[in-house]
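Observations on the model geometry
These are the residues of each chain, in order.
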Amino acid sequence: FQRLEVFVGLSVLEHLLVADRAHRGDAPLWRDLARLSRTTPDELARAEHMLDALGIRDLADKPVEALSLGRSRLVELGRGRRRRRAGGRHVGSQLL
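Now for a description of the structure that goes with this document.

**Thoughts on the nonpolar core**
- Among the nonpolar cores identified, the biggest contains 14 residues, and Val 12, Leu 13, Leu 51, Ile 56, Leu 67 and Val 75 are the most heavily contacted of them.
- Residue assignment for this core shows that the elements contributing at least two residues are α1 (12–24) and α3 (41–54).
- Contacts of Val 12, omitting those with residues within four sequence positions, involve Leu 51, Ile 56, Leu 59, Ala 60, Lys 62, Leu 67 and Val 75.

Here you go:
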């Protein structure tokens, strides 16, 4: 099975913002899912950097459920890369 682990109703950008906040422990997940969290300029910059790194900046505002399987996997990859950095070294504000 091709099971995706994405939140239906969130955009590609929002998925990356959720991963960033989860990494830093800044906001409970429910706040992001209810769209109650405010995006800071630093969060936006980190998410945009990841969009560029994945080559999907043009999809930032698209709902993740509207993407092809391959593009959805890129979103998962971006979220996963952010989460994996939690235990590793972190240079500046870069996600990669």
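Let us keep going from here.
**Topic: α3**
- If you check α3, its first and last C-alpha atoms are 20 Å apart, about what 14 residues at 1.5 Å a residue would give, namely 20 Å.
- Three or more residues of α3 are buried, namely Glu 43, Arg 46, Ala 47, Met 50, Leu 51 and Leu 54. The buried residues of α3 occupy one face: seen down the axis, they fall within an arc of 140 degrees. Seen from the buried face of α3, the exposed residues on the opposite side, beyond 90 degrees, are Pro 41 and Asp 42.
- Gly 55 sits one or two positions beyond α3 and adopts a positive phi of about 75 degrees.

Conventions and cut-offs
- Residues numbered from 1 in each chain as written.
- Predicted model: local features only at pLDDT ≥ 70, side-chain atom pairs only at ≥ 80, totals over all residues.
- Heavy atoms only, no water.
- Core = buried A, V, L, I, M, F, W, Y, C linked by side-chain atoms within 4.5 Å.
- Buried < 20%, exposed > 50% of the residue type's maximum accessible area, 1.4 Å probe, protein only.
- Helix = DSSP H or I, 4+ residues; strand = E, 2+ residues; numbered from the N terminus.
- Contact = heavy atoms within 4.5 Å.
- Expected span 1.5 Å × (residues − 1).
- Arc of directions from axis to C-beta.

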